[in-house]
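Notes for the structure review
If you want the building blocks of each chain, they are given just below.
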Amino acid sequence: MKNLFLLTIFISSLHTSFAQRPESWYNEPHRPQIHFSPEANWMNDPNGMVYYDGEYHLFYQYYPDSTVWGPMHWGHAVSTNLTHWTHLPVALAPDKHGYIFSGSVVVDKNNTSGLQKGKEAPLIAMFTYFDPEKNKAGTNDDQTQGIAYSNDRGRTWTKYSGNPVIPNTEKIKDFRDPKMFWYEEGGYWVMVLAVGDHVRFYKSDNLKNWTLTGEFGKKEGSHGGVWECPDLFPLKVENSKTTRWVLLVSLGTGGPNGGSATQYFVGTFDGKTFVNDNKAEDIMWIDYGRDNYAGVTWSNTPDDDRIFLGWMSNWQYAQVVPTSAWRSAMTLPREMELEQTPAGIRLVQEPVEQVKKLRGKPYGNLKSWVSGKDAGGLRIDGPVEIELEIDLENSVATELGMELSNARGEVFVLGYEVATKRYFTDRTKAGKHAFSPDFAKTRHYAPRTATENELEWHLFIDRSSLEWFADDGETVMTELFFPSEPFTAVTFFSKGGALKIEEVEAWPLKTIWK
Ligand code: FRU
């Protein structure tokens, strides 16, 4: 019997063994090498991110039948280290109530739901049902909230028989993306829901019956688009005893550089509603690049780490980007922290520590860049990570930065405009862009809020994306690009005066898929 068991394990591991995967697996043009992407077909928002028993679960908006958006399912993958992922079967599929839109998962440790069967704590998912028939009929009640549960570590899911747990009796057109958490101080569950131009807060003792407790945002922050995918969590302000609550809200349109983007608020939460610390008209973006949307954080993480993951695309062109077989990837998982800055308390982010494990042997000979004799000798043939410090003291440079380029003359530029104190990226000459007039019209900008004379940059370059953490993650830009051949060189430039690089380190990064 034992042997049979072992044999079964052996056969099933052979089934997915790396050796059997064709060379083309995760190796198509533009296929991200250090980022999560589905094996095939369409993906959008990360959903239901929860840590349980050594595994980080990632569910995601998924349409298994096509590379464009369609009837939404929850795709599923797990990771023990936040970098390498194992694909699992689809977790939730549409039913008579509709498609399965975005939502969250919690670990119901005390079985408040009564849905536990067996030894494992039940995982409870709440998601939005979207009823396409009602949507067509225009009755405005096509979105409701449902729950599902798993008693086997997220492997199989059962939809609750009493769904929807929150019907849409008020007929609210946009009514979606529930994010749940355990509110320790009150000893109950809280759920935050996006409702058109604001968010609502609900509470529950059993994850099934929910009561409305408050709302926030009708006149606060950016309203350039419908509010979606909220998240709410407490965070310690670094080097202080203060804790503030952070509210993330994504907007489908109206981002700082056009299209989809995610804003955040810092304030207090009393178990019923959120109060903004800042002025209603203050707008703060978690990322100024065009390709970080619908991101939320993991629940139940060890050490209370706040780990964020975003969808690395933008609704303006997500469905037409030039990838075949699959569409879209996630950002790197990022640790979020709050920091006191001259402008106030701000969110800062950096990729999680585990990403360092992907580093190969560091590039040598980087000193020559610093002397300015050699404008840049980094030849790359895969993903890279670069950390550098640029000294602005006594510099007369007016603009400085880096270029990624290939033999076809395609160039992606990122840099800093000294006079306007703005970071920028430019993908107008970085390869394919005819698929959408919105993809590469102009430079994209981010205001630099840090005031030090040193620029500190931390960059992660994959086959079709850049994640750029400037000034210890105070300003972030995430951008896609589609060169017709991979970029093979990284060079530095400066205009109006020499570039003074104080320090630079760089590493090739190992693929997470082989
Ligand atoms: C955000 C979003 C969510 C919705 C989901 C549908 O990108 O529009 O509001 O639940 O995508 O796929």
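Note that the structure is predicted; figures quoted are calculated from it, not measured. Counting starts from 1 at the beginning of each chain's written sequence and moves along it residue by residue. Confidence filtering applies because this is a predicted model: local features only for residues at pLDDT of at least 70, side-chain atom pairs given and counted only at 80 or more, and all residues used for totals across whole chains, interfaces and linings. Processing note: side-chain calculations cover all non-hydrogen atoms of the structure and skip hydrogens and water entirely.

**Structural notes on the overall build of the chain**
- Where helices and strands are cited, they refer to DSSP runs of H or I of at least four residues and of E of at least two residues respectively, numbered from the N terminus. Along its length, the chain carries three helices and 32 strands.
- Radius of gyration: C-alpha atoms only; globule rule: 2.2 Å multiplied by the number of residues to the exponent 0.38. On C-alpha atoms alone, the chain measures out to a radius of gyration of 23 Å, which is about the 24 Å that the 2.2 N^0.38 rule sets for 514 residues.
- By principal-axis analysis of the C-alpha atoms, the chain measures approximately 70 × 65 × 45 Å.
- Think of it in three bands: residues with accessible area under 20% of the maximum for their type are buried, residues over 50% are exposed, and the middle band is partly exposed, with areas taken using a 1.4 Å probe on protein chains only. By the burial criterion, 57% of the 514 residues in the chain qualify as buried.
- Taking the intrachain contacts of the chain between residues at least 6 apart in sequence as the baseline, contacts between residues at least 24 apart amount to 61%.
- Entry remark: accessible area of the chain is about 21300 Å², with carbon and sulfur atoms responsible for 51%. Whether two residues are in contact is decided by their heavy atoms, any of which lying within 4.5 Å being enough. Using the Shrake-Rupley algorithm and a 1.4 Å probe, accessible areas are obtained, with residue cover drawn only from the displayed protein chains.

**Considering the domain arrangement of the chain**
- The split of the chain into domains comes from an automatic or database domain assignment. Partitioning the chain into domains gives domain 1 (2-14 + 38-354) and domain 2 (359-508).
- Using only C-alpha atoms to locate each centre, domain 1 and domain 2 end up separated by 31 Å.
- Tallying the contact residues gives 25 residues for domain 1 and 25 residues for domain 2.
- Summed over both partners, the accessible area (1.4 Å probe) lost when two parts come together is defined as the buried area. Both sides of the domain 1 and domain 2 interface together cover about 2200 Å² of buried area, and 60% of this is carbon and sulfur.
- The term salt bridge refers to a pairing of a side-chain nitrogen on Lys or Arg with a carboxyl oxygen on Asp or Glu at a separation within 4 Å. The tally of links from domain 1 across to domain 2 stands at two salt bridges.
- In this structure, the salt-bridge partner of Asp291 is Arg427, at a minimum N-O distance of 2.9 Å.

**A closer look at the site of the ligand**
- Around the ligand, a shell composed of Asn44, Asp45, Gln61, Trp69, Met72, Phe101, Ser102, Arg176, Asp177, Glu228, Tyr293 and Trp315 is seen.
- Two N or O atoms form a polar contact when they lie within 3.5 Å of each other; inside protein one atom must be a possible hydrogen donor and the other a possible acceptor, and for residues adjacent in sequence the pair counts only when both atoms belong to side chains. Here Asn44 contributes a side-chain N or O atom positioned 3.1 Å from an oxygen atom of the ligand.
- One of the side-chain nitrogen or oxygen atoms of Asp45 is found 2.7 Å away from an oxygen atom of the ligand.
- A total of 320 Å² of accessible area belongs to the ligand in isolation, and the protein chains cover 95% of it.
- Listed by contribution, the elements that provide at least two residues to the shell around the ligand are β1 (41-52), β5 (99-107) and β9 (176-183).
- Following the grouping adopted for this structure description, the nonpolar residues are Ala, Val, Leu, Ile, Met, Phe, Trp, Tyr, Cys and Pro, the charged ones are Asp, Glu, Lys and Arg, and the polar ones are all others, Gly among them. For the shell around the ligand, the per-class residue count stands at five nonpolar, three polar and four charged. For each residue, the test is whether any non-hydrogen atom lies within 4 Å of the molecule or strand; if one does, the residue is near.

**A closer look at the sheet that holds strand β6 (residues 123-130)**
- Strand order in the open sheet formed by four strands is β5-β6-β7-β8, and the pairing between neighbours is antiparallel. Of all strands in the sheet, those bounded by a partner on one side alone are β5 and β8 (158-159).
- Two strands pair when backbone bridges link them, and strand β7 (residues 143-150) and β8 are joined in this way by two bridges, in the antiparallel orientation. The partner of Ala148 across the bridge, within β8, is Lys159. Each pair of strands is called paired provided DSSP finds at least two bridges between the two strands.

**Overview of the pairing of strand β26 (residues 422-426)**
- Burial of β26 is extensive: four of the five residues sit out of reach of the surface.
- Both strand β25 (residues 411-417) and β26 contribute to a ladder of five bridges, which runs antiparallel. Residue Glu417 lies in a different strand from β26, and its bridge partner there is Arg422.
- Hairpin geometry of β25 and β26 is characterised by an intervening segment of four residues between the two adjacent antiparallel strands and by a positive phi of about 55° at Lys421.
- Here β26 runs beside strand β27 (residues 444-447); their pairing, made up of four bridges, is antiparallel. Within β27, the position partnered with Tyr423 by the bridge is Ala446.

**A few points about the side chain of Glu410**
- Here Glu410 lies in the loop between β24 (399-405) and β25.
- For the buried Glu410, which has no salt bridge, the nearest side chain bearing the opposite charge is Arg408, at an N-O separation of 4.9 Å.
- Setting aside anything within four residues of it in sequence, one finds Glu410 in contact with Leu404, Ser405, Lys429, Ala430, Gly431, Pro483, Ser484, Glu485 and Phe487. When charges are counted, Lys and Arg are positive and Asp and Glu negative, with His and the chain ends excluded.

**Side note on the pattern of salt bridges**
- Taken as a whole and assessed by the stated rule, the structure comprises 28 salt bridges.
- The network of salt bridges with common partners includes Glu399, Glu417, Arg422, Arg443 and Lys495.

**A look at the environment of Thr488**
- Relative to the helices and strands, Thr488 is located in the loop between β30 (475-480) and β31 (489-495).
- The residues contacting Thr488, other than those within four sequence positions of it, are Leu378, Arg379, Ile380, Ser405, Asn406 and Ala407.

**Details of the side chain of Ser299**
- Within the fold, Ser299 resides in the loop between β17 (293-297) and β18 (307-311).
- Residue Ser299 is classed as buried on the basis of its relative accessible area, which comes to 12%.
- Among the polar contacts made by the side chain of Ser299, one reaches the main-chain carbonyl oxygen of Val105 at a distance of 2.9 Å.
- Excluding residues that lie within four positions of it along the chain, Ser299 makes contacts with Met49, Val50, Tyr51, Val105 and Val106.

**A word on the packing of aromatic side chains**
- Stacked, tilted and edge-to-face pairs are distinguished by plane angle, under 30 degrees for stacked and over 60 for edge-to-face with tilted covering the rest, among Phe, Tyr and Trp rings (Trp via its six-membered ring) whose centres lie within 6.5 Å. All chains considered together, the criterion is met by 44 aromatic pairs.
- With centroids separated by 5.0 Å and ring planes inclined at 85°, the aromatic side chains of Phe127 and Tyr129 adopt a geometry described as edge-to-face. Summarising the burial analysis for this pair, Phe127 and Tyr129 share the class buried.
- An aromatic cluster is built from Trp25, Tyr26, Phe36, Tyr51, Tyr56, Tyr60, Tyr62, Trp85, Trp298 and Trp513, whose rings are joined through pairwise contacts.

**Remarks on the nonpolar core**
- Working definition of a nonpolar core: buried Ala, Val, Leu, Ile, Met, Phe, Trp, Tyr and Cys residues. They are joined through side-chain atoms within 4.5 Å. With 54 residues, the main nonpolar core has Ile386, Leu388 and Trp457 as its most contacted residues.
- When residues of this core are assigned to domains, at least three map to each of domain 1 (2-14 + 38-354) and domain 2 (359-508).
- Setting aside residues up to four positions removed in sequence, Leu388 forms contacts with Met402, Leu455, Glu456, Trp457, Leu459, Phe492, Ile501, Glu503 and Val504.
- Grouped together as the second largest cluster of nonpolar side chains are 40 residues, Ile34, Tyr56, Cys229 and Val355 included.

**Some words on the sheet that holds β25**
- Reading across the sheet, the six strands line up as β22-β31-β24-β25-β26-β27 and stay open at both edges, with antiparallel pairing between neighbours. Strands with a single pairing partner mark the edges of an open sheet, and in this sheet they are β22 (378-379) and β27.

**Here we look at the environment of Val413**
- Examined against the element boundaries, Val413 turns out to sit in strand β25.
- When sequence neighbours within four positions are dropped, the list of residues in contact with Val413 reads Met402, Glu403, Phe424, Thr425, Asp426 and Phe493.

**Comments concerning the environment of Arg346**
- Locating Arg346 in the fold gives a position in strand β21 (residues 344-351).
- A sequence separation of 39 residues divides Arg346 from Ile307, and the C-alpha atoms of the two residues are 16 Å apart.
- Residues contacting Arg346, with those up to four places away along its chain left out, are Tyr264, Asn278, Met284, Glu337, Leu338, Glu339 and Thr341.
- In terms of polar contacts, Arg346 uses its side chain to reach the backbone carbonyl oxygen of Ala343, at 3.2 Å.

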